[in-house]
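Tertiary structure, described
What follows is the residue order along each chain.
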Amino acid sequence: MINKVINSFDEAVADVFDGAVILIGGFGPANGTPSYLMRALEKQGAKNLTIVCNTPGGGRPAPPKPGAPPPPPMFRKMPKNVDNAGILIQNNQVKKAICSFPGQAMPGTGSALHDRLRAGLLEVEVTGQGTLAERIRAAKAGIPAFYTATGPGTRLEKGKEVREFNGRKYLLEYAIKADFAFVRAYKGDRRGNLIYQGTSRNFNATMAGAAKVTIAEIDELVELGELGPEIIVTPGIYVNRVVPRPKD
Amino acid sequence: MKERLDDQTMALRVAKEFKNGMVVNLGFGIPTLASNYIVEENEIVIQSENGVLGIGRTAVTEEEQDFHLVNASGQFATPLPGMCFFDHAESFTMIRGGHIDLCVLGGLQVSEKGDLANWLIPGREPGSIGGGMDLAFGAARLVIVMTHTTKDNQPKILYKCNYELTAPQVVDLIITDIAVIEVTPDGLVLKETAPGWTPEEIQALTEPKLKISPDLKMMEL
């Protein structure tokens, strides 16, 4: 019998090694973020990681100082029980972040990413969101590199091969080879078949299968056969481990 | 100081660019506001880079807020019949493959040749590209909506952008709080003026020379 279900997040991330490259699903800090997997990795402590995600996020806000005025309300409402990849940066586990939207935080405003970047403790590679998605998809499809029309004539051209096809310029971009993918899904079964909810699919379904080991954090484990063959979004062969979340 | 259009009024003008049947992508800020001004006769399919086609206006009430239905700005959106979801690779296949008819983005600077700069304010490294660069290169038509000048009244429409480029020679139309300007191979053409503004006053706040359209009119709002 095939059974990819693991009932412990700690166990699911136990083999993440120092220097690993990790794809992390989600869009913005809130939607479809594999928070339990990241917290488990924070506890596990692997270092010198390269994280690949759209927006690493600011991590956990600092506790307010005694007597300080209350912090301004959040720009956007957040779901319950969410953490972003910024917690791994705050915990000094990350040497490089590859992302598309790290945000524009000013120094000293509490963004772990920006503060460490300025201190020379972190490398940040900012790429366009479509190029980021395609570099992940290419790895999943066994494509080592590809030409894209996005980027010629901008700073992103620097150091890259430019080639012309039919009178238009293209940049050569390379697939991102990753060791682990952390994804978040709605329902999954023991074979690793997954479905998602609404726009929480985002990078999760792109990343599932794009690393040597894909670990899915799911809201609900269902019996094999319960997810109809017409609706499965991520075929189970892309997923190595399935870990159900506790109920919120 | 003369009165300029506010954000909502600029969004209203942006919505006039939507034609029936178009697939439209709206960027962060004022562009997203334009989704609230689509006229009923027009069936517009709004694409959001985070993996959805066919969303409606932004959510208003608490009950409408759904963490599984957000737009590219992270705001709550509302569903419409025919809506569908997909992952990021599919979303940018649409954007990079030329399947988006019209994209509206905000801008920091636009040049005479239609170069766009909107992802990095000098000194604010590393900057945030998001989906803007793919949209600027990939959309069939690109409209930029922005204030005409910086906070200290300096032009944002320049001979040449001095901020990092998002994409060269991609802008088709610029909608500002005082004018509508078309980018053509012969230079910038002033098409519309905001109520109370003369072409001379608009030129004084614009670095490159504006050609005056023979059909110059006041903005219809």
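Scope of this entry: the structure provided in the associated data block.

Thresholds, definitions, all that
- Residues numbered from 1 in each chain as written.
- Chains lettered and ligands numbered in written order.
- Predicted model: local features only at pLDDT ≥ 70, side-chain atom pairs only at ≥ 80, totals over all residues.
- Helix = DSSP H or I, 4+ residues; strand = E, 2+ residues; numbered from the N terminus.
- Rg over C-alpha atoms; globule rule 2.2 N^0.38 Å.
- Buried ≥ 20, exposed ≤ 12 C-beta atoms within 10 Å, placed from the backbone.
- Contact = placed C-beta atoms within 7 Å.
- Nonpolar A, V, L, I, M, F, W, Y, C, P; charged D, E, K, R; others polar.
- Core = buried A, V, L, I, M, F, W, Y, C linked by C-beta atoms within 7 Å.
- Pairing = 2+ DSSP bridges.
- Axes fitted to C-alpha atoms, helices over the stretch in contact; angles between N-to-C directions.

1. Details of the overall build of chain A
- Each helix and strand counted, chain A has 6 helices and 11 strands in total.
- Relative to its length of 248 residues, chain A is compact, with a C-alpha radius of gyration of 19 Å against a globular reference of 18 Å.
- Dimensions along the principal axes, computed over C-alpha positions, put chain A at roughly 65 × 50 × 35 Å.
- When burial is assessed residue by residue, chain A has 48% of its 248 residues classed as buried.
- Sequence separation of 24 or more characterises 81% of the internal contacts of chain A that already satisfy a separation of 6 or more.

2. Quick word on the interface of chain B and chain A
- Listed per partner, the contact involves 34 residues of chain B and 38 residues of chain A.
- Every element with two or more residues in the side of chain B that touches chain A is listed here: α3 (88–96) and α4 (132–138) of chain B.
- Considering every element that reaches the side of chain B that touches chain A, the biggest residue donor is α3 of chain B, with 5 residues.
- Split into classes, the residues belonging to the side of chain B that touches chain A amount to 15 nonpolar, 12 polar and 7 charged.

3. Considerations on helix α2 (residues 35–44) of chain A
Residues and elements named next belong to chain A.
- Within the sequence span of α2, burial applies to Ser35, Tyr36, Leu37, Met38, Ala40 and Leu41.
- Buried residues along α2 sit against α1 (9–12), α3 (86–90), β8 (178–188) and β10 (211–221).
- At the exit of α2 stands Gly45, carrying a positive phi of roughly 90°.

4. Some thoughts on the nonpolar core
- Membership of the largest hydrophobic core comes to 126 residues, with the highest contact counts inside it found for Leu23 and Ala181 of chain A.
- The contact partners of Ala181 of chain A, leaving out residues within four places of it in the chain, are Leu23, Met207, Ala208, Ala210, Ala211, Thr214 and Ile215 of chain A.

5. A few points about helix α1 (residues 7–15) of chain B
- Of the residues making up α1 of chain B, those classed as buried are Met10, Ala11, Arg13, Val14 and Ala15 of chain B.
- Looking at the buried positions of α1 of chain B, the neighbouring elements they touch are α2 (30–33), β5 (102–106), β8 (141–145) and β10 (173–175) of chain B.

6. Things to note about the sheet that holds strand β6 (residues 162–165) of chain A
All names here are of chain A.
- Taking strand neighbours across the sheet as the criterion, the 3 strands line up as β5-β7-β6 in an open arrangement whose pairing is antiparallel. Across the chains shown, the open sheet's two edge strands, defined by having one partner strand only, are β5 (145–148) and β6. Averaged over all neighbouring strand pairs, the angle between strand axes comes to 40°, with direction disregarded.
- Where β5 meets strand β7 (residues 168–174), 4 bridges bridge the pair, whose relative direction is antiparallel. Along β7, the bridge assignment pairs Ala145 with Tyr174.
- Along the sheet, helix α5 (residues 129–141) makes contact with β5 and β7, crossing β5 at roughly 150°.

Honestly, it's all geometry; don't read function into it.
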